[in-house]
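Now for the letters of each chain:
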Amino acid sequence: MFNTRYIFVTGGVTSSLGKGIIASSLALLLKLRGYSVAIQKLDPYINIDPGTLNPYEHGECFVTEDGAETDLDLGHYERFTNVQTTQANNVTTGKIYQTVIDRERRGDYLGGTVQVIPHITDEIKRRIKILGSTNKYDFVITEIGGTVGDIESLPFVESVRQLKWELGNHAAVVHLTYIPYLAAAGELKTKPTQHSVKAMLEQGVQPDIIVCRTERPLTEAIRDKVALFCNVERLNVMESIDAPTIYEVPLNMLKEKLDIQVLKRLGVTVQGEPDLEEWKSFLYKLKNPLNEVTIGLVGKYVELKDAYKSIAEAFIHAGAFLQCKVKVKWIHSEHLEECDSKTIELLSELDGILVAPGFGARGIDGKLCAIRYARENKIPFFGICLGMQMAVVEFARNVLGYKDAHSFEMSPSTKYPVIDMMEEQKAITNMGGTMRLGSYPCKLVKGTKIYQAYNKEDISERHRHRYEFNNKYLDAFAQAGMIATGMNPASNLVEAVEIVDHPYFVGVQFHPEYKSTVENPHPLFISFIKAAMKNSL
Ligand code: GLN
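One structure accompanies this document, and this report is about it. (Residues numbered from 1 in each chain as written. Predicted model: local features only at pLDDT ≥ 70, side-chain atom pairs only at ≥ 80, totals over all residues. Heavy atoms only, no water.)

## Digging into the site of the ligand
Part 1 of the argument: In the vicinity of the ligand, the residues found are P357, G358, F359, C385, L386, Q389, E409, R464, H465, R466, Y467 and H511.
Part 2 of the argument: L386 places a polar main-chain atom, nitrogen or oxygen, 3.0 Å from an oxygen atom of the ligand.
Part 3 of the argument: Between Q389 and the ligand, the recorded distance is 3.1 Å, taken from a side-chain N or O atom to an oxygen atom.
Part 4 of the argument: Here the ligand has 300 Å² of accessible area as a free molecule, and 99% of this is covered by the chains. (Near = heavy atom within 4 Å. Polar contact = N/O pair within 3.5 Å; in protein donor to acceptor, adjacent residues only side chain to side chain. Areas by Shrake-Rupley, 256 points an atom, 1.4 Å probe, with all protein chains shown as cover.)

## Some points on helix α14 (residues 364-376)
Part 1 of the argument: Taking 1.5 Å of rise per residue, 13 residues should cover 18 Å, and α14 covers 18 Å from first to last C-alpha, within 8% of that figure.
Part 2 of the argument: Within α14, 10 of the 13 residues are buried, which leaves it mostly tucked inside the rest of the structure.
Part 3 of the argument: One or two residues past the end of α14 sits K378, with phi positive at roughly 55°. (Helix = DSSP H or I, 4+ residues; strand = E, 2+ residues; numbered from the N terminus. Expected span 1.5 Å × (residues − 1). Buried < 20%, exposed > 50% of the residue type's maximum accessible area, 1.4 Å probe, protein only.)

## A word on a negative patch on the surface
Part 1 of the argument: Together, E337, E338, D340 and D365 line one region of the surface with negative charge.
Part 2 of the argument: Within the fold, D365 resides in helix α14.
Part 3 of the argument: We classify D365 as partly exposed; its relative accessible area is 44%. (Patch = residues over 30% accessible without salt bridge, like charges linked within 9 Å, V, L, I, M, F, W, Y side chains within 5 Å. Salt bridge = Lys/Arg side-chain N within 4 Å of Asp/Glu carboxyl O. Lys, Arg positive; Asp, Glu negative; His and termini not counted. Charge placed at Lys NZ, Arg CZ, Asp CG, Glu CD.)

## Describing the nonpolar core
Most often, soluble globular proteins keep nonpolar side chains buried together rather than apart.
Part 1 of the argument: Counting residues in each nonpolar core, the largest one holds 43 residues, and the members touching the most others are I7, F139, I141, V211 and L258.
Part 2 of the argument: Per element, the largest residue contribution to this core is 8 residues, and it comes from helix α1 (residues 19-32).
Part 3 of the argument: With residues near it in sequence (within four places) discarded, F139 still touches F2, T4, R5, I7, L30, Y35, S36, V37, A38, L263, L266 and V268.
Part 4 of the argument: Counting 40 residues, the second largest nonpolar core, distinct from the first, contains F381, A391, A396 and A405. (Core = buried A, V, L, I, M, F, W, Y, C linked by side-chain atoms within 4.5 Å. Contact = heavy atoms within 4.5 Å.)

## So, the pattern of salt bridges
Part 1 of the argument: Taken as a whole, this structure holds 39 salt bridges when the rule is applied.
Part 2 of the argument: R265 is paired through a salt bridge with D208; the nearest N and O atoms lie 2.8 Å apart. Taken as a pair, R265 in helix α10 (residues 258-265) and D208 in the loop between α7 (191-202) and β10 (209-214) lie far apart in primary sequence, 57 residues in all.
Part 3 of the argument: On the accessibility criterion, R265 (23% relative accessible area) is partly exposed.
Part 4 of the argument: By relative accessible area, D208 is classed as buried at 11%.

## Digging into the side chain of N90
Part 1 of the argument: Within the secondary structure, N90 is located in strand β5 (residues 90-92).
Part 2 of the argument: Assessed through its relative accessible area of 2%, N90 is described here as buried.
Part 3 of the argument: A polar atom in the side chain of N90 sits 3.3 Å from the side chain of D43.

## As for the pairing of strand β23 (residues 505-508)
Part 1 of the argument: The alternating pattern of β23 places F505 and G507 and V506 and V508 on opposite faces, both of which are buried.
Part 2 of the argument: One ladder, built from 4 bridges, connects strand β15 (residues 381-384) with β23; its direction is parallel. Directly across from G383, in β23, lies its bridge partner G507.
Part 3 of the argument: Pairing of strand β22 (residues 494-499) with β23 involves 3 bridges; the strand directions are antiparallel. Residue A496 lies in a different strand from β23, and its bridge partner there is V508.
Part 4 of the argument: Where β22 folds back onto β23 in an antiparallel hairpin, the turn is made up of 5 residues. (Pairing = 2+ DSSP bridges.)

## Points about the state of the cysteines
Part 1 of the argument: What the rule picks out here adds up to 1 disulfide.
Part 2 of the argument: Covalently, C339 is tied to C369 through a disulfide, its sulfur atoms 2.1 Å apart. Torsion about the S-S bond of the C339 and C369 cystine: about 85°, corresponding to right-handed handedness. Of this pair, C339 sits in the loop between β13 (324-332) and α13 (341-348) while C369 sits in helix α14, placing them 30 residues apart in sequence.
Part 3 of the argument: With no disulfide of its own, C212 lies 7.9 Å from the sulfur of C230, the closest cysteine sulfur.
Part 4 of the argument: You can call C212 buried: its relative accessible area is 0%. (Disulfide = S-S within 2.5 Å.)

## A few points about the sheet that holds strand β2 (residues 37-43)
Part 1 of the argument: Spatial ordering of the open sheet is given by β5-β2-β6-β1-β7-β10-β11, a layout of 7 strands whose pairing is parallel. Lying at the two open borders of the sheet, with one neighbouring strand each, are β5 and β11 (237-241). Averaged over neighbouring strand pairs, the angle between their axes works out to 20° when direction is ignored.
Part 2 of the argument: Looking at chain direction, β10 and β11 are connected through 5 bridges and run parallel. (Axes fitted to C-alpha atoms, helices over the stretch in contact; angles between N-to-C directions.)

This is the structure:
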């Protein structure tokens, strides 16, 4: 362990180049060299956190163990490195300003004028250094959201400039840019990269390493050109070519020696090689499946696949573990609302059905249709959060005969609120950060499918919801064949249900997808895919 080194990852030219994947790949390579690494993301928007953002805006909201609602890139960090993130790993402009303004109101600035520089930048620097000051990490990788040159990211880039100045060779900047291929000219073009590095230089930051996202291999001439015009060593111009799966990027970056060049830049002696054997074996199994299943993912945000990022990745981890290709059919719940013969035809092609988490009434009838089909036709079913709640509603209506049974969320006046608002939620008026969030323990009932999946009694999983199973109905459900299989030992909240007389019908109030990583594919995704494989035979 040495003094923490700081690595900043910035992006130029355009968004969506995969800064999160590059940061995660670098973290993995350093971790596999034996170092301890933390990654954090700084987001330039003014929302305090992405919890209140519509998934169409920003993709999935990822939830950490300690209940932070964060950017989906934190999910990539955890999936790649198997290291859990916390509140400190995601900071937004909103959080920074909130802290500074609270301090100003308390009078902490002693009558001084509060300004972007130094007060906002000092707070940004403090947040960057929080992880390092725990003395737990050799490296802190900080990804700066947005694109260099945006008005919003100016204070962040300025903070990077100051830290680079203060920390000397204990800080390095990796800049990710794009090298477009112009088909008409038959050439790769470096000009946008030159411009984005100029934009950084105008803000006083010289990148140390330039990673070039590209659809075609970089020629030697292109690498020379980027080095010359952007003032970086030739070896520090790296290619990040489009990969068939994000999980190949660490290997590509290893080939480009990203880890070695970063270590050298930070004055760390480079020894040995990272051990990627297990990673390679995961990739081999992912690319050479022996079986295949088709899973219908029913949700209302399916137009934007990022809205269900962790679920899609959890299928990849579990699929690779079982050497089974999981083909996900994205099904818009609104398209199932008619629940007619065409809908049934669509559902009948599936080996398993997952009903996704969500909020609000849109598309609910489609979800209920898919659930009924899975229940009646003994198709493996996996309901997550809202998906579990709707499985309870469907059972209440069609098995127990509670005609207008519903969740309080969709129908506050229902006669049968089988899903009700949690007691502690009733007084809450503020929407941001007030759901039941983060990790809670759960005790599983022996002899159930969920117990078989985990193979232990005590588990803990992450939550993000306001509503819950209404325990008033526990007995009626159990008598009719839907039992509670997991309970919170302290509050007695129902965390999981299943239908006894069904090959696989499991609903969970928590979000198992957040805890699935390459190293630890999630047991519930594995058991669900196994059931779907059996069903497809
Ligand atoms: N809307 C539901 C609730 O708040 C489910 C939330 C979810 O699916 N994450 O309880």
